[in-house]
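Listed below are the residues making up each chain.
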Amino acid sequence: MSGRIAQRIEERPNGHVAFLRVVRPEKLNVLNAALMAALRDALRVLAEDDGLRAVVIEGEGTRAWIGGADIREMATLDAVGARQLITLLHDTCDAVRRCPVPVVAAIRGWALGGGLELAASCDLRIATVGARFAMPEVRIGIPSVIEARLLPMLIGWGRARRLLLTGETIDAARAEAWGLVEEVVAEDMLEAAVGRVLDAILASAPGAVRAQKRLIAGWEEQSGPAAIAASVSAFAASFGDGEPQARMKRALG
């Protein structure tokens, strides 16, 4: 079974939220080329929805969020095919990062290799106590690449080196202590924890949240002066639609 990406839209008082679920539980929700393309395309379509407030990425079942890229598919590749597949995985992760609204990873079970890279591409990561994380590529003869570059920004260079050079697995408690995930909750509390984050996002001004995500992405790439200049411009532009003034007046009573 090649799997599928299930999508649902949840209407809320302050906008709507999209839930994307990787459905291939019998294979630990590993991503083959078809699933990568389907997830990428779904994210690109959602990015055009002006009323969208957030996206949540889930995995089917409790054994895995996303168990990496499909090794059976990779084992048949030559250098040309390998380049095409890893570029497709990058495009999928990049679609997460370019999505104009916050993307939340709701993680149960394994998040391995390309799955962990996808999680690192999300804005927020909430995991259950049973979640496990690893970058095991070196153990099957390949380096970790593309969005693995995000790991040092999340957990520091030393811890990133430990994951990437050893391929070892860490549990949810260590992932939270390292800063790889923002929150760890009981297995039956994941939906509630995600809901609290969504409530906080939806309570904020839609334009401001979108502007903030753009700024954060820029800060990761820009020099200090360029980041400051972009921030000043974004701050000034936010006053153009009247939303900050209205919210500030309400806050003042």
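Residues numbered from 1 in each chain as written. Predicted model: local features only at pLDDT ≥ 70, side-chain atom pairs only at ≥ 80, totals over all residues. Heavy atoms only, no water.

Provide a residue-level description of the overall build of the protein, including the pertinent values.
Helix and strand counts for the protein come out as 11 helices and 10 strands. Relative to a compact globule of 253 residues, whose C-alpha radius of gyration would be 18 Å, the protein shows 19 Å and is just as compact. Taking the principal axes of its C-alpha atoms as reference, the protein extends roughly 60 × 40 × 35 Å. With 253 residues in all, the protein has 45% of them scored as buried. Counting contacts in the protein only where the partners sit at least 6 residues apart, residues at least 24 apart contribute 70% of the total. When the accessible surface of the protein is summed, it comes to about 12400 Å², and 57% of that surface belongs to carbon and sulfur atoms. For the protein, the separation between the mean place of its 30 positive charges and that of its 31 negative charges on side chains is 2 Å. (Helix = DSSP H or I, 4+ residues; strand = E, 2+ residues; numbered from the N terminus. Rg over C-alpha atoms; globule rule 2.2 N^0.38 Å. Buried < 20%, exposed > 50% of the residue type's maximum accessible area, 1.4 Å probe, protein only. Contact = heavy atoms within 4.5 Å. Areas by Shrake-Rupley, 256 points an atom, 1.4 Å probe, with all protein chains shown as cover. Lys, Arg positive; Asp, Glu negative; His and termini not counted. Charge placed at Lys NZ, Arg CZ, Asp CG, Glu CD.)

Requested: an account of the environment of Ala 134, with residues and values cited.
Residue placement: Ala 134 occurs in strand S8 (residues 132-134). Classification of Ala 134 by relative accessible area gives buried; the value is 1%. Considered as a pair, Ala 134 and Gln 222 are 88 residues apart in the sequence and their alpha carbons are 29 Å apart. Look past the residues within four positions of Ala 134 in its chain and what remains in contact with it is Ala 111, Leu 112, Gly 113, Leu 116, Gly 167, Glu 168 and Thr 169.

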